[in-house]
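Observations on chain architecture
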Amino acid sequence: MWCRGTAGLARGSPDAPGLLAMVEAFYGRAAAMVEAEAAAGVAGAQWDRLPWVRGLLETIRRCSYVLEVAFPLRRDSGTWEVVRGWRAQHSQHCLPCKGGVRFSSSIGVDEVKALAALMTYKCAVVDLPFGGAMTGVRIDPKKYSEHELEKITRHFTVEMSKKGFIGPGIDVLAPDVSTGEREMSWIADTYTHTLGYRDINAQACVTGKPISQGGIHGRHSATGRGVLHGIENYITNTDYMDCIGLSPGFPGKTFVLQGFGKVGRHTMKYLHQYGARCICVGETDGAIYNPRGIDPKELQDYEQVKFSSEGSAPCCQAGSSGVSCSFQSHGTIVGFPKAEPYDGSILEVPCDILIPAAIEKQLTRENAPRVQAKIIAEAANGPTTPAAHEIFLQRNILVIPDVYVNAGGVTVSFFEWLKNLNHVSYGRLSFKYEWESSYYLLQSVQHSLEQWFGKSRGEIPIIPSPEFQARVTGASEKDIVYSGLAYTMEQSAKQIMAMAARYNLGLDQRTAAYLCALEKVLTVYNEAGFTY
Ligand SMILES: NC(=O)C1=CN([C@@H]2O[C@H](COP(=O)(O)OP(=O)(O)OC[C@H]3O[C@@H](n4cnc5c(N)ncnc54)[C@H](OP(=O)(O)O)[C@@H]3O)[C@@H](O)[C@H]2O)C=CC1
Ligand SMILES: O=C(O)CCC(=O)C(=O)O
């Protein structure tokens, strides 16, 4: 295979200042490549084909709807303030739209539009029947009490309900930065008791819920597990590893993680389980380094120290579900005793795999030349600017793009949504039947052997292998979810790699992933038609 594709390098791209400009630059590159081939493939008069395809591509690029909300909040202190937020529905080529809810003091309408567009492309890459959406609420959640956060979440949900920006068939929300099960639970409860009260599927208006509210086993860890599989599909591919000069497989590889939140901590756990060694973790308030490796469980335990009855440290936030909390927390990785504090830029630490799992625009024209990893797995959305993307291509660094590698979360959200629409958990109807089928199968093998060979030496024992035994007795909803997730990530990796080969893109997997997404969305628009 070609390590350095000719197509990707030909077009330079300015280092886009904003996330929206970045996503549009990546989109524009893929759109320009697909245009001619797409025009050749559509029906209609020769002269009309290119304008038609260009019209479709421009329609896909633009965000379809944005709801801007401003509402008053009475603080616990008795003062008032106005909270602002947005829900963007980037594309309705498939319904419902799907995407997370972010609480951040730096979010604005353009970031929300960009993140919604990424959701459209991501869902298409992993073949989920959703358009893309995103919510941003401009608050610093650390400055609000739980009671205030609940009021904000519920108020925002009501506003979205009134305007058709939430509903199981319209627009389905999910966790993102600084939101989790607790907020999803408030959203589900608010919607089902207001606009959704006559809808038996109302719970499916949001995913990432606690199990008691219709959540699914495995959603917590889904994005991290998806990142594991996303990297696995490349790191076990000898062609790609030869290109970047890395031996295949996880064992012995080192990695650096930025962001020890919901996505980062699970990514760290799985990579560690698969034999890779985390040597550096960075958070907003500091970083830690240990070249011999940092144990993910020990780090998590340090961050969330078990509650001691006399203790007085603040209660943890992670996994918050509204129920009383049984942990005390350092609330930080800083001070972890089995690592040194690290003062430099963690993105530049020598390692095999760099995993930005925090926020956007971390890898830029400025620091990209100093990155020393061979693989960058974009667990976060939009961590790499277009200029950095070009630098990584030139430096033969493999970037596994966000629209593929962090799609595990939304994939399992899809499974949760289906579970809610089906009103039954995965496997409930079939587990016992399958167990009995396996039992009867073994029994009939035993009887057949005994009929053939006789029973002179007693019954012929049939001993299931541990793997078979575990499969028939130990299957759970989580097993089914994990297997569906692994399958999805594997299929999509194959599609992206095939696309990269078709367009001679070499290591430019981002453009290949965008091309996969574009082809699929284009097909929907082309076959459905898109104007009145
Ligand atoms: N949750 C999900 O299912 C999915 C999330 N993503 C993406 O993954 C990323 C992380 O999301 P998620 O884990 O859910 O969010 P969380 O809020 O759970 O965690 C984010 C973590 O990153 C830390 N952080 C923020 N800024 C920086 C920084 N500049 N340097 C180092 N650490 C930083 C935060 O610390 P602090 O709290 O102190 O600011 C926090 O610990 C986002 O880009 C999100 O869009 C992608 C797919 C799915
Ligand atoms: O599960 C979802 O719908 C969205 C998850 C998410 O935040 C993302 O994929 O960026």
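Residue positions are counted from 1 within each chain, in the order its sequence is given. The lettering of chains begins at A and the numbering of ligands begins at 1, in the order of writing. Per-residue local features of the predicted model are confined to residues with pLDDT of at least 70, and side-chain atom pairs are confined, for both listing and counting, to 80 or more; whole-chain, interface and lining totals are unaffected and use all residues.

Comments concerning the overall build of the protein
Here is the rule we go by: Numbering goes from the N terminus for both helices and strands, where a helix is a DSSP run of H or I of at least four residues and a strand is a run of E of at least two. Radius of gyration means the value over C-alpha atoms here, while the globule rule gives 2.2 Å times the residue count to the 0.38 power. Comment: burial labels come from other C-beta atoms within 10 Å of the residue's own C-beta, placed from the backbone, where a count of 20 or more is buried, 12 or fewer is exposed, and between is partly exposed. Contacts are defined on C-beta atoms placed from the backbone: any two residues whose C-beta positions lie within 7 Å are in contact.
Along its length, the protein carries 17 helices and twelve strands. Here the protein has a C-alpha radius of gyration of 25 Å; the compact-globule value for 532 residues is 24 Å, and the two agree. Seen along its three principal axes, the alpha-carbon backbone of the protein occupies a region of about 80 × 65 × 55 Å. Taken over 532 residues, the protein has a buried fraction of 47%. Expressed as a percentage of contacts within the protein between residues at least 6 apart in sequence, the contacts between residues at least 24 apart total 70%.

Observations regarding the site of ligand 2
Cut-off, in case you're wondering: In this entry, near means the residue's backbone-placed C-beta atom lies within 6 Å of the molecule or strand.
With respect to spatial proximity, the complete set of residues near ligand 2 consists of Lys98, Gly99, Gly100, Lys122, Ala174, Asp176, Thr207, Asn381, Asn406, Gly409, Val410 and Ser413. For the shell around ligand 2, the secondary-structure elements that each account for two or more residues are β3 (97-103) and α13 (408-422).

Section: the UniProt feature "binding site: substrate" (unreviewed entry) in the protein
Using the following cut-off: UniProt positions are given in the numbering used here, feature names are shortened, and annotations may be inferred rather than shown by experiment.
Feature annotation in UniProt places "binding site: substrate" (unreviewed entry) on Lys98, Lys122 and Ser413, given in this structure's numbering. A stretch of 316 residues holds the annotated residues, and the largest C-alpha distance among them is 12.9 Å, short enough that they meet in one place. Relative to the elements of secondary structure, lysine 98 occurs in strand β3. C-beta crowding within 10 Å serves as the criterion here: with 28 such atoms nearby, lysine 98 is assigned to the buried category. Filtering out sequence-adjacent residues up to four positions away, lysine 98 remains in contact with Met119, Cys123, Phe130, Gly132, Ala133, Val172, Val410 and Ser413. Relative to the assigned elements, lysine 122 resides in helix α4 (residues 109-125). Assessed through the 28 C-beta atoms surrounding it within 10 Å, lysine 122 is described here as buried.

Re the sheet that holds strand β12 (residues 398-400)
Applied cut-off: DSSP-based pairing: two strands are paired if at least 2 bridges between them are found. Fitted lines through C-alpha atoms give the axes, limited to the stretch in contact for helices. The angle between two N-to-C directions lies from 0 to 180 degrees.
Spatial strand order, β9-β8-β7-β6-β10-β11-β12: seven strands in an open sheet with mixed pairing. Strands with a single pairing partner mark the edges of an open sheet, and in this sheet they are β9 (340-342) and β12. Strand-to-strand, the axes of this sheet are offset by a mean angle of 20°, without reference to chain direction. Packing against the sheet, helix α9 (residues 262-273) makes contact with β6 (254-258), β7 (277-283) and β10 (353-356), and its axis sits at approximately 170° to β6.

Some points on the packing of helix α3 (residues 46-61) against helix α17 (residues 509-528)
The description of two helices packed together rests on the angle between their axes and the distance between the axes. Selection rule: Helix crossings fall into two classes, left-handed where the near helix is turned counterclockwise from the far one by less than a right angle and right-handed where it is turned clockwise. When residue character is reported, Ala, Val, Leu, Ile, Met, Phe, Trp, Tyr, Cys and Pro are called nonpolar, Asp, Glu, Lys and Arg charged, and the others, Gly included, polar.
Interhelical geometry of α3 versus α17 gives an angle of 115° and a closest axis separation of 10 Å. The chirality of how α3 crosses α17 is right-handed. Mapping the contact onto sequence places Leu56, Thr59 and Ile60 in α3 and Val521, Leu522, Tyr525 and Asn526 in α17. The residue makeup of the contact of α3 with α17, split by class, is five nonpolar, two polar and no charged.

Quick notes on the site of ligand 1
The local shell around ligand 1 holds 23 residues, among which Gly259, Gly261, Ala358, Ala380 and Gly409 are the closest. Every element with two or more residues in the shell around ligand 1 is listed here: α9 and β7. Ranked by residues supplied to the shell around ligand 1, first place goes to α9 with three residues. Here the shell around ligand 1 is composed, by residue class, of nine nonpolar, eleven polar and three charged.

Focus: the packing of helix α2 (residues 19-41) against α4
To be explicit about the condition: Any angle that falls under 35 degrees is termed roughly parallel, while one over 145 is termed roughly antiparallel, one within 65 to 115 roughly perpendicular, and all others oblique.
Running from amino to carboxyl end, α2 crosses α4 at an angle of 30°, the nearest separation of the two axes being 7 Å. Regarding the angle of α2 to α4, the classification is roughly parallel. The handedness of the crossing between α2 and α4 comes out as left-handed. Every residue of α4 that contacts α2 at Leu19, Leu20 and Val23 is listed here: Asp110, Glu111, Lys113, Ala114, Ala117 and Leu118.

What about the confidence of the model for the protein?
As a reminder of what qualifies: Per residue, pLDDT measures the predictor's confidence, with a range of 0 to 100.
Looking at the protein as a whole, its pLDDT mean stands at 91, while 91% of the residues score no less than 70. Low pLDDT, under 50, characterises residues 6-13; the stretch is placed with 19 contacts to residues that sit more than four places away or in other chains. Taken together, the stretch residues 306-327 has pLDDT below 50 and engages in 30 contacts with residues farther than four places along the chain or on a different chain. Across the whole predicted complex the pTM is 0.92, and at the interface the ipTM reaches 0.99.

Regarding the environment of leucine 67
Position of leucine 67 relative to the elements: it lies in strand β1 (residues 65-74). Residue class for leucine 67 comes out partly exposed when judged on the 19 C-beta atoms lying within 10 Å of it.

Focus: the environment of glycine 196
Of note, glycine 196 is situated in the loop between α6 (181-192) and α7 (219-235). Each C-alpha atom, one on glycine 196 and one on proline 168, is 9.1 Å from the other, the two residues being 28 residues apart in sequence. When sequence neighbours within four positions are dropped, the list of residues in contact with glycine 196 reads Gly167, Tyr191, Ala202 and Cys205.

So, the sheet that holds strand β4 (residues 131-137)
The five strands are arranged β1-β2-β4-β3-β5 in an open sheet whose pairing can be described as mixed. Of all strands in the sheet, those with a lone pairing partner are β1 and β5 (171-175), marking the two edges. On average, each strand axis in the sheet is inclined to that of its neighbour by 20°, with strand direction left out of account. The pairing of β3 with β4 spans five bridges and is classified as parallel. Within β4, the residue paired with valine 101 across the bridge is threonine 135. Strands β1, β2 (80-89) and β4 of the sheet are contacted by helix α5 (residues 146-162), whose axis makes an angle of about 140° with β1.

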